[in-house]
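Understanding the architecture of this molecule
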Amino acid sequence: MDPTQMSFYNNKGGMSNTLTHTDHDNTEEDWKLAAAEKKNLGNIAFKEQRLDEALTLYDEAITMDPTQMSFYNNKGAVYIHKKEFLLAKNVCSDALTIGQRYGGSSADKARSLARIGKACLQMGDIYNATWKYDEALTTLETDYEAVMVDKVTPQPVPSSKNVKVDEIQKQAAVKKKELGNKAYQKGQYDKALALYNEAIELDPTQISFYNNKGAVYIQRKDFISAKNVCLEAVRIGDQYFACAKEKMRALSRIGKAERELGSIYNSMWNYEKALSMYSDEVLATELDKVYSEVKEALLRTGRTYAVDQLSHHDLNFIFRITELHIVHI
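The rules behind these values
Residues numbered from 1 in each chain as written. Predicted model: local features only at pLDDT ≥ 70, side-chain atom pairs only at ≥ 80, totals over all residues. Heavy atoms only, no water. Core = buried A, V, L, I, M, F, W, Y, C linked by side-chain atoms within 4.5 Å. Buried < 20%, exposed > 50% of the residue type's maximum accessible area, 1.4 Å probe, protein only. Helix = DSSP H or I, 4+ residues; strand = E, 2+ residues; numbered from the N terminus. Contact = heavy atoms within 4.5 Å. Axes fitted to C-alpha atoms, helices over the stretch in contact; angles between N-to-C directions. Parallel < 35°, antiparallel > 145°, perpendicular 65-115°, else oblique. Left-handed = near helix turned anticlockwise from the far one by under 90°. Polar contact = N/O pair within 3.5 Å; in protein donor to acceptor, adjacent residues only side chain to side chain. Salt bridge = Lys/Arg side-chain N within 4 Å of Asp/Glu carboxyl O. Expected span 1.5 Å × (residues − 1). Nonpolar A, V, L, I, M, F, W, Y, C, P; charged D, E, K, R; others polar.

**Thoughts on the nonpolar core**
- In terms of nonpolar packing, the biggest core is built from 35 residues, with Tyr210 and Ile254 touching the most fellow members.
- Listing elements by their share of this core, those giving two or more residues are helix H8 (167–185), helix H9 (189–202), helix H10 (207–219), helix H11 (223–239), helix H12 (244–260), helix H13 (264–277) and helix H14 (281–300).
- Residue contributions to this core peak at eight residues, all from H11.
- Beyond its immediate sequence surroundings of up to four residues, Ile254 is in contact with Lys227, Cys230, Leu231, Val234 and Asn270.
- Counting residues in each nonpolar core, the second largest holds 30 residues, with Ala54, Leu57, Met69 and Cys92 among its members.

Written out as structure tokens, the structure reads:
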């Protein structure tokens, strides 16, 4: 078998529903059986804590049959054991995409979501951890599976919903924010950050205060902090029913931070989610730039994608799995 001849894209650049092989001596069933055997060997290696060997075997299984969610989920479990949480999150996101494309059981989808949740929790992203665990629990079909996932559900995030903010505090917070804005416009980023923090102390219910902190961090090129504070902005916005425009700003800044951190897939996802909430020409232009970069990157690989005929969704999907060396054309 020659896995480099696999393709699940058709000649028009769209996704094909079946795998094709130039090696006619092996049927698709042969490939699937060989992939399942690699997965079983990977499971044995994983149980024996031979983690690098398990990863190699799961990768071989994916190369032989890239349509099975469980192969990606098992890689995610290995990465979690290796404490490589960003890789765990990414590969389990791939599992969900594969499941959506080729069909996957609710149990497999719940495993993907729970492992993304666990990875987010370990990386300090409480908002997305809680969200993914909740999605996992609603995806499951049986009480037993729900209990198993619930064992790793994080404790409830302390909520600011019960915070009492009187009018005097609200007005004082707004003044701090306005002073922060003036400092920001003058390039006095440390001062602006301090003032936004003071505004949040006075009134932690306003999404714009967190968004403004995110803008400061982006200017300082502290993209991890920008991402985290804007994730907090999204959480606050959901709790206090913020306007769509402020939610769009939070998501667009997360997208900007993800792009600068090299996570093009997450950048595109956040930009698209932002635009679905509130139309913004500047953000739409930024998203188009990202997709242009993706097209150029795909063309540089030498693979025969008809990139101009691909939708944003297909570009997003191809780029993610190409990064992981899953597609071979």
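**Re the environment of Ser263**
- Structurally, the position occupied by Ser263 is in the loop between H12 and H13.
- Considering only alpha carbons, one finds Ser263 and Asn90, 173 residues apart in sequence, at a separation of 9.5 Å.

**Digging into the packing of H8 against H10**
- Between H8 and H10, whose axes approach to 11 Å, the crossing angle comes to 20°. The orientation of H8 relative to H10 falls into the category roughly parallel. With respect to the hand of their crossing, H8 and H10 are arranged in left-handed fashion. Facing H8, whose interface residues are Ala173, Val174, Lys177, Asn181 and Tyr184, H10 presents Ser208, Phe209, Asn212, Ala215, Val216 and Gln219.

**A short note on the environment of Tyr58**
- Relative to the assigned elements, Tyr58 resides in helix H2 (residues 51–64).
- Separated by 15 residues in sequence, Tyr58 and Asn73 have C-alpha atoms that sit 9.6 Å apart.

**A short note on the side chain of Asn211**
- Residue placement: Asn211 occurs in helix H10.
- A polar contact is formed between the side chain of Asn211 and the side chain of Glu246, at a distance of 2.8 Å.
- Separated by 3.5 Å, the side chain of Asn211 and the backbone nitrogen of Ala250 make a polar contact.
- When neighbours within four sequence positions are excluded, Asn211 is seen to be in contact with Cys230, Ala233, Glu246, Arg249, Ala250 and Arg253.

**Describing the pattern of salt bridges**
- On inspection of all chains with the given rule, the structure shows 17 salt bridges.
- Across the pair Lys82 and Glu84 runs a salt bridge, and its minimum N-O distance is 4.0 Å.
- Using a relative accessible area of 26% as the deciding quantity, one classes Lys82 as partly exposed.
- According to the relative accessible area criterion, Glu84 is partly exposed, its value standing at 30%.
- Residues Lys170 and Asp203 are paired through a salt bridge, measuring 3.7 Å at the closest nitrogen-oxygen approach. Pair noted here: Lys170 is in helix H8 and Asp203 is in the loop between H9 and H10, with a separation of 33 residues, a long-range link.
- By relative accessible area, Asp203 is classed as buried at 2%.
- Linked by salt bridges that have partners in common, Glu48, Arg50 and Glu53 make up one network.

**Points about the side chain of Ser70**
- Following the sequence through the fold, Ser70 ends up in helix H3 (residues 69–81).
- Each residue touching Ser70, except ones within four places of it in the same chain, is listed here: Lys39 and Asp108.

**A look at H10**
- Look at H10: 19 Å from first C-alpha to last across 13 residues, which is about the 18 Å you get at 1.5 Å a residue.
- Of all 13 residues making up H10, 12 are buried, and the element is well covered by its neighbours.
- Summarising the contacts, the buried residues of H10 are in contact with H8, H9, H11 and H12.
- Looking at the residues trailing H10, positive phi occurs at Lys221, about 60°.

**Considering unusual backbone geometry**
- One non-glycine residue, Gln49, lies in the positive phi region at around 65°.
- Along the polypeptide, Gln49 turns up in the loop between helix H1 (28–47) and H2.
- In the Ramachandran plot, Lys221 falls in the positive-phi region, its phi being about 60° despite a non-glycine side chain.
- Mapping Lys221 onto the fold places it in the loop between H10 and H11.
- Given the relative accessible area of 63%, Lys221 is considered exposed.

**Digging into the packing of H1 against H3**
- Across the interface, H1 lies against H3 with an axial gap of 11 Å and an inter-helix angle of 20°. Regarding the angle of H1 to H3, the classification is roughly parallel. The handedness of the crossing between H1 and H3 is left-handed. Counting all contacts with H1, which are made through Ala35, Ala36, Lys39, Asn43 and Phe46, the residues of H3 involved are Ser70, Phe71, Asn74, Ala77, Val78 and His81.
- Residues belonging to the contact of H1 with H3 are distributed by class as follows: six nonpolar, four polar and one charged.

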